[in-house]
Amino acid sequence: MTVRIFIPRDAAALALGAENVAMAIAQEIAARGLDATIVRNGSRGMHWLEPLVEVETDGGRIAYGPVKKGDVASLFDAGFANGGEHPLCRGKTDEIPFLRQQTRLTFARCGVTDPLSLSDYRAHDGLRGLQNAIAMDPAAIVAQVTESGLRGRGGAGFPTGIKWKTVLEAAGDRKYIVCNADEGDSGTFADRMIMEGDPFVLIEGMAIAGVATGATKGYVYTRSEYPHAIAVMEQAIEIARANGVLGPSVLGSKHAFDMEVRTGAGAYVCGEETALLNSLEGKRGLVRAKPPLPAHKGLFDCPTVINNVISLASVPIVMDKGAAFYRDFGVGRSRGTIPIQIAGNVKHGGLYEAAFGLSLGEIVDGIGGGTASGRPVKAVQVGGPLGAYFPRALFDTPFDYEAFAAKDGLIGHAGIVVFDDSVDMLHQARFAMEFCAVESCGKCTPCRIGSTRGVETADRIAQGIEPEKNRELLADLCNTMKYGSLCALGGFTPYPVLSAMNHFPEDFSPATVVQAAE
Ligand SMILES: Cc1cc2nc3c(=O)[nH]c(=O)nc-3n(C[C@H](O)[C@H](O)[C@H](O)COP(=O)(O)O)c2cc1C
Ligand code: SF4
């Protein structure tokens, strides 16, 4: 029987040498005359083990990693094509604790299947959600998504079903589904992993959204920094079209839906939904004032659903297994699962999908294993560049939209960036202001001007110039930005700045500053 060897083509694995490993494995197969084939899969999300090579055996898939090109000959010598012992052997993939303890709903197939095999997708429960949806009334689909409790995974946590209902009920000859795949948040990669590792689940989710709202055209808006994701998505769309999943009659139904990928230049603000729409229309990525909501007047002034990749990719399981199945996971008003992305100075970085409710400490210390440097964790930033810094004292906070908001933080796109005790929080606060100044679209004054004044004020504190007065000024500035900005770029920049000041006041005191300067 032909042995199947899985080598990820995910961008993280490629960055760590997966292409060279694949070539070396192909050479060894040929040189040794083995009956083996290579499958280029997505990533399992255990970044410290990438490139993670797997071999299919009668007893399940066996993992080896991190594999370098130079390890390949010794792996074959050890009989790895049959799951043989080797220092890089991690045992059965499914039993690696990081993977075993997860609840993989949205990422169930990522790293498991061949991303571009529609038959593999079907064999792993793919298209069941869409099949159910085309047999239903649009309002019933919307109701099922609403009842599942699914909330937008792009950052704002808005209920997905309510957004779809608004578009369903909006009048319009043309309606659109726009997938926000800009993924600008620091330390996040879930969208990219889905697009590279299981593109059909996103296509299925978007087709369901189209059937549910009456939209016939979809766009995936992503960034030029994601060339691998773009290539995989484009191929997957062609395959879906050739097999009648997309096109004038979705899975043979009366519904038409087609889609394409559009690439932006990677401006952070183009992830904001209205700036994204402008960019998609070929205009400058300037934020639009709301109302009108995109659900009423979005792309080309037509009713438009804008959802994050993970929101859309979570819909097929809801439509397959039912609203109650999905809603039963989670806590409070945070239902279902969330793909947590653990990054920064951390030992076991990667993607961990779990029901809402794990504590921050469990994620950082338990799952992440603490820092990669071995030094104590000082702070973690949750929710991207606009997210708050959490000190150890808040590590009992459950991963849940409301619990984070209650601690003046946000979950955002569920990225966690870990810092050890060498981090200077005044520097991080300055960086937040600088980031805002660089990325501001320039439309409103508190953000455009305030962020630059914020950088100058942080610099004065660092130089020990009237520190108390400048700390007050920085807090006042944050207040103005928070309440006076048109969108969350200016409005949320105060979160990292104020959390750094409030939780780590010692880094903002002249004594520390003078010592650091010495
Ligand atoms: C400055 C800024 C950047 C954003 N970047 C992204 C992004 O990269 N991806 C994303 O899905 N949402 C991003 N958002 C949130 C979107 O505006 C919007 O809420 C989201 O696409 C809605 O989809 P959801 O309901 O599925 O989360 C950003 C918001 C702001 C203010
Ligand atoms: S807050 Fe900043 S990014 Fe948002 S509209 Fe105002 S200037 Fe543009």
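Predicted model only: the values in this text are computed from it and were never measured.

## Observations regarding the sheet that holds strand β5 (residues 89-92)
The strand order across the open sheet built from five strands is β2-β1-β3-β4-β5, with neighbouring strands paired in mixed fashion. Among the strands making up the open sheet, the edge pair consists of β2 (36-39) and β5. With strand direction ignored, the average angle separating the axes of adjacent strands in the sheet is 25°. Across five bridges, the pairing between strand β3 (residues 53-57) and strand β4 (residues 60-64) is antiparallel. Opposite Glu56, over in β4, you have Arg61 as the bridge partner. Along the sheet, helix α2 (residues 18-32) makes contact with β1 (3-6), β2 and β3, crossing β2 at roughly 165°.

## Brief notes about the pattern of salt bridges
On inspection of all chains with the given rule, the structure shows 31 salt bridges. Measuring nitrogen to oxygen at the nearest pair gives 2.7 Å for the salt bridge that ties Glu28 to Arg32. With a gap of four residues between them, Glu28 and Arg32 both fall in helix α2, about one helical turn apart. Among the residues examined, Glu28 registers a relative accessible area of 18% and is labelled buried. The shortest N-O distance in the salt bridge between Arg151 and Glu402 comes to 3.2 Å. Of this pair, Arg151 sits in the loop between α7 (138-147) and α8 (160-169) while Glu402 sits in helix α17 (residues 401-406), and the two are 251 residues apart along the sequence. Using a relative accessible area of 9% as the deciding quantity, one classes Arg151 as buried. Assessed through its relative accessible area of 29%, Glu402 is described here as partly exposed. Members of the salt-bridge network, linked through shared partners, are Arg44, Glu54, Arg61 and Asp94.

## Description of α2
With 15 residues, α2 ought to run about 21 Å at 1.5 Å a step, and its terminal C-alpha atoms sit 21 Å apart, in line with that. Every buried residue of α2 is listed here: Ala18, Val21, Ala22, Ala24, Ile25, Glu28 and Ile29. Across the axial projection of α2, the buried residues extend over an arc of 165°, all falling on one side. In α2, the exposed residues that point more than 90 degrees away from the buried face are Gln27, Ala30 and Ala31. Buried-residue contacts for α2 involve β1, α1 (11-15), β2, β3 and α3 (72-77). Just downstream of α2 lies Gly33, where phi reads positive at about 60°.

## Side note on the site of ligand 2
Around ligand 2 there are 13 residues in total, and Cys441, Lys443, Cys444, Cys447 and Cys487 lie nearest to it. Among the cavities detected, the one that contains ligand 2 is the largest cavity. Each residue belonging to the shell around ligand 2 can be placed in one class, and the counts come to eight nonpolar, four polar and one charged.

Here is what the cut-offs are and how they apply
Positions within a chain are numbered from 1, following the residues in the order the chain's sequence is written. Labels are handed out in written order, letters beginning with A for the chains and numbers beginning with 1 for the ligands. Where local features are concerned, this predicted model is filtered to residues with pLDDT of at least 70; where side-chain atom pairs are given and counted, the filter is 80 or more; whole-chain, interface and lining totals use all residues. Values reported for side chains reflect all heavy atoms of the structure, with hydrogen atoms and water molecules removed beforehand. By the convention used here, strands pair only if DSSP detects at least 2 bridges between them. The way it works is that DSSP assigns letters per residue, a run of H or I at least four long becomes a helix, a run of E at least two long becomes a strand, and they are numbered from the N terminus. To obtain each axis, a line is fitted to C-alpha atoms, and for helices this fit is confined to the stretch in contact; angles are then taken between N-to-C directions over 0 to 180 degrees. In what follows, a contact means two residues having at least one pair of non-hydrogen atoms within 4.5 Å. Salt bridge criterion: a side-chain nitrogen from Lys or Arg within 4 Å of a carboxyl oxygen from Asp or Glu. Throughout this description, buried means an accessible area under 20% of the type-specific maximum (1.4 Å probe, protein chains only), exposed means over 50%, and partly exposed covers the range between. The span expected for a helix works out to 1.5 Å for each residue beyond the first. For this quantity, the arc is that covered by the directions from the helix axis to the C-beta atoms. Being near a molecule or strand, for a residue, means having at least one of its heavy atoms within 4 Å of it. A cavity, in this analysis, means grid points on a 1 Å lattice covering only the protein atoms where a 1.4 Å probe fits yet has no way out; a pocket is instead an open set bounded by protein on both sides within 12 Å along at least five of seven lines, and a residue lines either one if it has an atom within 4 Å of a point. Being in a pocket or cavity means that more than half of the molecule's atoms lie within 2 Å of its grid points. Gly counts as polar in this scheme, as do all residues outside two lists: the nonpolar Ala, Val, Leu, Ile, Met, Phe, Trp, Tyr, Cys and Pro, and the charged Asp, Glu, Lys and Arg.

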